[in-house]
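Observations on chain architecture
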Amino acid sequence: EKCVDRPLLCHVSSGSGLLHKQCQAASAVCSRNVSSNSSPPKGPDTSLFVPVSLKTDSAADGSVGAELTQPLDKNELLKILNRFYKRKEMQRLAADNGLDARLFHQAFISFRKHVLEVSSLPADLHIILNDICCGAGHIDDIYPYFMRHAKQIFPMLDCMDDLRKISDLRVPPNWYPEARAIQRKVIFHAGPTNSGKTYHAIQRYLAAKSGVYCGPLKLLAHEIFEKSNNSGVPCDLVTGEERTFVDLDGRAADHVACTIEMCSVNTPYEVAVIDEIQMIKDPSRGWAWTRALLGLCAEEIHVCGESAAVDFIRELMYTTGEEVEVHTYQRLTPFSVLDQAVESLDNLRPGDCIVCFSKNDIYSISRQIEARGLECAVIYGSLPPGTKLSQAKKFNDPDDPCKILVATDAIGMGLNLSIKRIIFNSLVKPNVNEKGEKQMETISTSQALQIAGRAGRFSSKFKEGEVTTMHRDDLPVLKEILSHLVDPIEIAGLHPTAEQIEMFAYHLPDATLSNLVDIFVSLSQVDGLYFVCNIDDFKFLADMIQHIPLNLRSRYVFCTAPINKKQPFVCTSFLKFARQFSRDEPLTFGWVCRHISWPVAQPKNIKDLVHLEAVHDVLDLYLWLSYRFMDMFPDTALIREIQRELDNIIQQGVQNITRLIRATDPTITNTLQAQGSRQGQTSGNSRAGDSNYLTGSQGQRGQMMDRSLASRLVRDGLLTPDLLWQLQREWSKDQKQDVPDQHALDTEHHNNNNKGKTKKRKK
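Rules used throughout
- Residues numbered from 1 in each chain as written.
- Predicted model: local features only at pLDDT ≥ 70, side-chain atom pairs only at ≥ 80, totals over all residues.
- Heavy atoms only, no water.
- Helix = DSSP H or I, 4+ residues; strand = E, 2+ residues; numbered from the N terminus.
- Contact = heavy atoms within 4.5 Å.
- Areas by Shrake-Rupley, 256 points an atom, 1.4 Å probe, with all protein chains shown as cover.
- Core = buried A, V, L, I, M, F, W, Y, C linked by side-chain atoms within 4.5 Å.
- Buried < 20%, exposed > 50% of the residue type's maximum accessible area, 1.4 Å probe, protein only.
- Polar contact = N/O pair within 3.5 Å; in protein donor to acceptor, adjacent residues only side chain to side chain.
- Axes fitted to C-alpha atoms, helices over the stretch in contact; angles between N-to-C directions.
- Parallel < 35°, antiparallel > 145°, perpendicular 65-115°, else oblique.
- Nonpolar A, V, L, I, M, F, W, Y, C, P; charged D, E, K, R; others polar.
- Pairing = 2+ DSSP bridges.

**Details of the overall build of the protein chain**
Secondary structure summary: the protein chain contains 32 helices and 19 strands in total. Partitioning the contacts of the protein chain with sequence separation of at least 6, the portion at a separation of at least 24 is 76%. Of the roughly 35000 Å² of accessible surface on the protein chain, a fraction of 51% belongs to carbon and sulfur atoms.

Spelled out as structure tokens, the structure:
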């Protein structure tokens with residue numbers, strides 16, 4: 001069956017081929033389920049069990065034990081208790097009841113302290129201990145009382161079976177009975193970027209009586225919202241921070257465009273569109289795609305994404321008894337990998353986009369470009385959506401002199417850009433591993449294709465795209481990355497719900513929220529199709545507000561707020577919001593204005609611009625919370641109004657970003673120009689040239705800088721050449737106790753370079 005709406009190839013799998021695929025999926029699911037169900041429940045990570053403090057008051061029966069027997073000798077008691085601790089039989093018996101070596105030791109220390117320090121013991125324990133001291137009892141008789149104490153300080157021991165049932169995540173489809181009650185049809189639109197896959201899904205969405213679009217970004221949701229309303233199909237917009245109803249009376253439209261976390265799994269629709277389905281494996285957000293795919297109550301589920309996800313989605317849908325129809329698309333316009341790297345910014349052409357993986361590189365390169373008399377647009381992740389759209393419009397406008405774009409991988413989705421050539425400034429990107437540690441990694445094939453696919457879009461003036469690198473050594477690496485097939489998707493993310501955490505808290509009322517979530521993940525059981533998403537951000541916020549008195553549901557909601565924890569001002573604001581909320585004092589417009597020092601001034605340097613971006617995030621946080629606690633965050637309209645003003649101020653700042661860079665460090669201009677001229681003169685590896693130039697001796701401390709280390713830091717994106725040069729200048733200033741002028745610095749820098757070359761010749 002051919003799709004003829006647009007000029008592309010589209011095949012629908014059907015008949016025996018589909019049946020064969022379903023059989024394969026069935027056998028795969030069966031093998032995974034057998035292996036996961038046959039394995040015994042995993043033991044808990046007991047390092048997460050925090051002992052509960054017990055009151056050391058006298059027992060309810062007073063000193064009855066002492067009256068019936070005699071006061072106990074503390075020294076004799078200590079000997080008896082230590083003998084009890086060393087008995088292997090008692091350790092094995094305790095292990096059978098959930099006390100491993102770690103917990104046994106902690107419980108014994110607490111039990112011994114309790115027995116020796118409490119003013120009067122319970123009568124039954126006092127009598128047993130007295131009998132043992134007098135030789136009339138056996139030391140093992142202590143065991144029941146020891147276990148009673150252990151279960152008091154580790155309450156989870158008494159309810160481990162209940163906790164395991166609550167954290168059993170092996171059958172996620174059963175969490176959505178409304179979706180299981182209907183027979184849904186799943187259509188997978190598979191293809192690379194710029195293949196028209198989402199276009200076809202949206203056409204079906206617009207033709208339906210009711211529909212929901214679920215996208216990964218606010219920008220994408222906003223784009224579908226506008227497209228739908230412009231097409232005469234009334235559509236509402238729902239994101240974490242925004243609710244826009246086209247009906248003036250606030251009645252919900254039949255169509256809604258939303259960010260995927262905000263989709264309703266209770267509202268019935270005719271058609272649902274889930275965009276970028278490959279993100280179901282995302283370590284942090286994958287749970288939202290899993291929830292949408294399994295839970296949406298729609299007659300048709302249109303899934304859009306990479307072909308690498310087809311087999312997995314088919315396998316996942318087999319567990320719900322739903323068939324998957326696959327439409328395969330080819331790219332509408334080709335892109336080719338060039339055989340030459342750009343090597344110098346002097347070789348830039350109109351329609352070029354330089355992709356960086358750090359804001360520092362963005363600042364550095366944009367300044368160097370404008371030092372050559374060219375204008376450039378700038379887009380990176382922490383910019384407000386309005387500013388991103390403004391910069392995209394500036395770059396796309398054929399009448400605007402701005403013909404160069406410098407951006408992070410934020411351009412990978414959500415923006416329509418007229419790009420002729422994608423230039424990778426680097427191929428390494430900071431990532432967070434499974435342990436939550438930051439590390440530098442070479443970009444994956446999927447990431448490289450997502451970014452490279454921005455070149456030569458079907459709707460742009462460039463019908464063919466080109467891809468290359470800035471540095472010569474990176475080009476063969478890029479070709480190698482793009483030559484590989486995208487790794488197939490194999491697992492989908494899950495996340496504990498508020499209800500599950502509340503049930504945990506019922507059994508463990510004294511545990512902190514962070515500890516509850518840790519224990520939940522430790523005990524959770526998932527089958528081979530799923531994994532539990534990274535909860536480090538959730539725990540970070542939970543620990544931050546643990547000391548603030550909040551009920552569990554409110555605390556959970558606060559901890560799911562999407563904030564940038566790298567921004568100190570945003571974290572401080574989050575803390576103040578929670579504290580004000582706990583006092584039951586509404587966060588009014590005036591209170592917020594005082595907190596953010598509104599009105600704000602135009603940014604004078606990069607530091608000011610970064611702060612304004614953080615202020616924008618704080619206003620986003622207010623809006624996000626306002627839709628969850630309307631009474632406590634009442635001034636949504638006023639906050640949105642000043643946020644629009646702030647967006648305009650940030651837009652002006654980004655348009656003047658090179659002036660802000662100069663204001664941040666007035667002496668950087670000469671350095672950048674010198675670096676730019678070097679790039680133009682160097683025919684070899686430009687990064688090697690940068691490192692040679694930048695690691696010249698600058699005083700005693702500068703001489704201690706290892707050249708290979710500096711080169712590595714620059715290469716891996718941990719330092720930009722400009723930041724390295726600035727650091728060396730600062731070290732030189734510290735040593736000399738005064739600030740030399742730029743001419744002196746340049747002279748010294750030039751001399752040091754010459755000395756380095758002379759030494760090399762002597763060698």
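Okay, back to it.
**Quick notes on the nonpolar core**
Counting 159 residues, the largest nonpolar core has Ile142, Phe146, Phe188, Ile280, Phe558, Phe577 and Phe633 as its most contacted members. Per element, the largest residue contribution to this core is 12 residues, and it comes from helix α24 (residues 606-626).

**What about the side chain of Glu466?**
For Glu466, the location among the structural elements is in strand β17 (residues 465-469). Owing to a relative accessible area of 16%, Glu466 belongs among the buried residues under this scheme. Reaching out from Glu466, the side chain makes a polar contact with the side chain of Arg349 at a distance of 2.9 Å. In contact with Glu466, not counting residues within four places along its chain, are Phe335, Ser336, Leu338, Arg349, Lys420, Arg421, Ile422 and Ala455.

**Brief notes about the packing of helix α5 (residues 101-117) against helix α7 (residues 143-153)**
Interhelical geometry of α5 versus α7 gives an angle of 105° and a closest axis separation of 9 Å. As far as their axial angle goes, α7 and α5 are roughly perpendicular. On the side of α5, the interface is formed by Phe104, Gln106, Ala107, Phe108, Ser110, Phe111 and His114, while α7 contributes Tyr145, Phe146, His149, Ala150 and Ile153. Looking at the contact of α5 with α7 residue by residue, the class counts come to eight nonpolar, four polar and no charged.

**A short note on the environment of Val233**
One can find Val233 in the loop between α11 (218-230) and β4 (235-238). The class of Val233 is buried, set by a relative accessible area of 15%. Note: C-alpha distance between Val233 and Tyr205 (28 residues apart in sequence) is 9.8 Å. Residues in contact with Val233, not counting those within four places in the same chain, are Leu206, Ser228 and His255.

**With respect to the pairing of strand β14 (residues 421-424)**
One face of the sheet, then the other: side chains in a regular strand alternate in exactly this way. Burial along β14 is two-sided: Arg421 and Ile423 and Ile422 and Phe424, pointing in opposite directions, are all buried. With four bridges connecting them, strand β11 (residues 352-355) and β14 associate as parallel partners. Note that in β14 the partner of Ile354 across the bridge is Ile423. Pairing of β14 with β17 involves four bridges; the strand directions are parallel. Residue pairing for β17: Ile422 is matched across the bridge by Val467.

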